[in-house]
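Fold and geometry: a report
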Amino acid sequence: MKTSVKLLVLSLLFMMVACKQKSTRNEAVNSTYDPIKEAYDVERVEPPNWWVGFKNSEVQLLVKHPNISAATPEINYAGVTIKKINKADSPNYLFIDLHISETAKAGKFNIIFKFENTKDLVQTYKLKPREKLAENYVGFDSSDAIYLITPDRFANGNPKNDMFESLNEKTINRKDDYARHGGDISGIINHLDYIADLGFTTIWPCPLLTNNMHRASYHGYAITDLYEIDPRFGTLDEYKTLASKMSEKGMKLIMDQVANHCGVEHWWMKDLPFKDWVNYQEVYEANRDSWTNKTTISSNHKRTTNQDLYASKKDKEAMGNGWFVSGMPDLNQRNPFMARYIIQNSIWWIETVGLGGIRQDTYPYPDKGFMSDWAGAIMNEYPNFSIVGEEWSYNPLLIGYWQDGANNKDGYDSNLKSPMDFAMQRLIIEALNKTESWDKGLVKIYEGLANDFHYATPKDLMIFPDNHDMSRVFTQLKGDIINTKMALSYLLVLPRIPQLYYGTEILMNDFEKPGDHGLIRTDFPGGWEGDAMNAFTGKGLTEEQKETQLYLKTLLNFRKSSKAIHKGKTIHFAPEHGIYVLFRILEDDIVVHIMNKNSDPIELDLTRFEEIGLTGKPMNNVVTGETIIWNDMLKLNTKGSIILTTKL
């Protein structure tokens, strides 16, 4: 080969190697193996990380550090640009608007905060790859059954995390209903088999984020850090483990969130970024050092002002701006930075943990325009997701107003899939507690279910016998086990999403102090080492408790596979002679629910239900396994519910 040709070949090889090295360097800049020198000089940046590949390409960073507003932030990372730098009223905050392009790759980059006369600060920020497609974040629906837990009171899986000297409430005391008892995330993980075997498909724990309050912080609704798991409940890794282990079992995890308020010990309450970050902020700041119960800024709790065509401006402001209680500052979602903070926080938790739903506390209290934007932003990113909102109203008109697709006169669309059906809950209790008459008793739930014409999608409402804020259903039904079982069986066959509170399966109650929140949230027996009673194993339970536990397990596991209950149409017949009959029908899959309030034997005329088409067909009793033939008459020997199915 001639020398010139050799030189040309060598030159080409050199260029190819150089190009490959350059390409490799460029890839490294946008990879998770970026060799940048990491630094974490800044006190706080939230969200603490973000992802590539969202529909919304914008993210706003809250930056908290002494005199950070004097800095000019810079970023040098392919696909990430600073769109706007926003200063707050406090010099210790910056809000940085970032654009993350479609070409941006996952990796780390440094945000350089440049100062004129002092040393620059460097903060390493991470963009993560998304672990699964947005459409694969599938929420709960009418095929699910939800187990609601107050984590501090369910099971103590790790006694080592019971107390932390760095937190304001430093002790646990199981004899005090309002103190910390030590239940945690590990306790839930340890008993997932119990919950799954009962037939539940979804778990909703009350809030698990840090509540660094001085007392009664166990319930979780006075959050003081929206990006931190309370160390007394465990760690973020344990929360992720809970979600992943549930996913392995085909179960979904709902996160309880609070957009309306935070705890008064929240870190930002010592240095609020804007003058309107919380409502009635001027009153709070003027009395910060001697803060007590400032009744002048409490909400009037007149939730109807959200729909009332005639509501005064004064009443609307008192409802929406007032603090829920004195220890829970009311967040001002009309501040655009606060609004964006809350939306991004929800998305961060969905993506970080792989949630199967959100339960939003006190839904009618925040700015309702914001709540539509909040739910809309989430559903835009996760089209198959689910959100349930708490509207504690017994008026179906108010409940229906908050459901996505409602034909509201004011044009309001909430983007909320699932309001909570407090109206039907109360009617079930009333129907079973009252003596039968033409306008009392079972007719109340018959008429209540007739209100479903008002709801955009009745099957997406969440129904429940009780929850963490109301007396246990066994207490509400005056200790009547048969009525309690009737209430449970009825709500489990309704076109709804059922939620049961932990301990309902063993008849937990609050008879000693009805309605007392600390007592309602009693420790689950067996959740603590040395408990004399253990509901997980059956040790020490009464026969009635064991029977109720088995009854619910039987119904829930039947419900899990019943397409008629999940998707079937509903037909019910007006109560007669203390008997109310409801059918769920999906082609030849038919479930019959019979509620009988008669203590003496009575015959039910089956010819009345001829339109259902069951004559001559065998029906299986879901609880007893007994088979009957649906003919002219059915003898009901005892008071209670009967659930029959064509699926033998």
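Structure report, in brief.

1. Here's the deal with the sheet that holds strand E15 (residues 387–389)
- The eight strands are arranged E16-E15-E14-E13-E10-E9-E18-E17 in an open sheet whose pairing can be described as parallel. The sheet terminates laterally at strand E16 (418–419) and strand E17 (462–463), the two strands that pair on one side only.
- Contacting strand E10 (202–205) and strand E13 (252–257), helix H4 (residues 236–248) crosses the sheet at an angle of about 140° to E13.

2. Focus on the environment of Gly354
- Position of Gly354 among the secondary structure elements: in the loop between helix H7 (336–353) and strand E14 (357–360).
- Along the backbone, Gly354 and Ala243 are 111 residues apart, and their C-alpha atoms lie at a distance of 6.9 Å.
- Beyond its immediate stretch of four places on either side in the chain, Gly354 contacts Tyr137 and Trp349.

3. Some words on the nonpolar core
- One finds Phe113, Tyr239, Trp268 and Trp374 to be the most contacted residues of the largest nonpolar core, which totals 163 residues.
- It is H7 that contributes the most residues to this core, eleven residues altogether.
- Apart from residues lying up to four places away in sequence, Trp374 is in contact with Gln257, Ile342, Ile343, Ser346, Ile358, Gln360, Tyr363 and Ile387.
- Val581, Ile594, Leu614 and Trp630 belong to the second-largest nonpolar core, a separate cluster that totals 19 residues.

4. A few points about the sheet that holds strand E4 (residues 72–75)
- With mixed pairing, four strands are arranged side by side in an open sheet as E2-E8-E7-E4. Each having just a single partner strand, strand E2 (50–51) and E4 make up the two edges of the open sheet.
- Across seven bridges, strand E7 (residues 107–114) lies against strand E8 (residues 121–128) in antiparallel orientation. When the bridges of E8 are listed, Gly107 appears paired with Leu127.

5. Concerning the packing of helix H10 (residues 422–433) against helix H13 (residues 481–493)
- Their axes nearest at 10 Å, the elements H10 and H13 cross at an angle of 145°. In the packing of H10 onto H13, the handedness of the crossing is right-handed. Touching Met424, Ile428 and Leu432 of H10 are Asn483, Met486, Ala487, Tyr490 and Leu491, all from H13.
- Looking at the contact of H10 with H13 residue by residue, the class counts come to seven nonpolar, one polar and no charged.

6. Some details on the pattern of salt bridges
- Scanning the entire structure with this criterion turns up 35 salt bridges.
- The closest approach of N and O atoms between Glu43 and Lys64, which form a salt bridge, is 3.4 Å. Of the two residues, Glu43 is situated in the loop between helix H1 (3–29) and strand E1 (44–46) and Lys64 in strand E3 (residues 58–64); the sequence distance between them amounts to 21 residues.
- Taken together, the salt bridges that share partners define one network made up of Asp256, Arg359, Asp361 and Glu390.

7. Here we look at helix H15 (residues 543–560)
- In this model H15 runs 26 Å from its N-terminal to its C-terminal C-alpha over 18 residues, within 8% of the 26 Å that 1.5 Å per residue would give.
- Listing the buried residues of H15 in full gives Gln545, Thr548, Gln549, Tyr551, Leu552, Leu555, Leu556, Phe558 and Arg559.
- The inward-facing, buried residues of H15 contact helix H3 (192–198), H13, strand E18 (497–501), helix H16 (563–567), strand E21 (589–596) and strand E26 (640–645).

8. Some details on the packing of aromatic side chains
- A full pass over the atoms with the stated rule returns 49 aromatic pairs.
- With a centroid separation of 5.4 Å and 85° between ring planes, the pair formed by Tyr401 and Trp402 is classed as edge-to-face. A single burial state applies to Tyr401 and to Trp402, both of which are buried.
- Following the ring pairs from residue to residue traces out a cluster consisting of Tyr93, Phe95, Tyr227, Tyr239, Trp267, Trp268, Phe274, Trp277, Phe337, Tyr341, Trp348 and Trp349.
- Just above the ring of Tyr218 sits the side chain of Arg153; from NZ or CZ to the centre is 4.0 Å.
- Directly above the aromatic system of Tyr502 lies the positively charged group of Arg472, at a separation of 4.9 Å from the ring centroid.

What counts and how
Residues numbered from 1 in each chain as written. Predicted model: local features only at pLDDT ≥ 70, side-chain atom pairs only at ≥ 80, totals over all residues. Heavy atoms only, no water. Pairing = 2+ DSSP bridges. Helix = DSSP H or I, 4+ residues; strand = E, 2+ residues; numbered from the N terminus. Contact = heavy atoms within 4.5 Å. Axes fitted to C-alpha atoms, helices over the stretch in contact; angles between N-to-C directions. Core = buried A, V, L, I, M, F, W, Y, C linked by side-chain atoms within 4.5 Å. Buried < 20%, exposed > 50% of the residue type's maximum accessible area, 1.4 Å probe, protein only. Left-handed = near helix turned anticlockwise from the far one by under 90°. Nonpolar A, V, L, I, M, F, W, Y, C, P; charged D, E, K, R; others polar. Salt bridge = Lys/Arg side-chain N within 4 Å of Asp/Glu carboxyl O. Expected span 1.5 Å × (residues − 1). Phe/Tyr/Trp six-rings, centres within 6.5 Å; stacked < 30°, edge-to-face > 60°. Lys NZ or Arg CZ within 6 Å of the ring centre and 35° of its normal.

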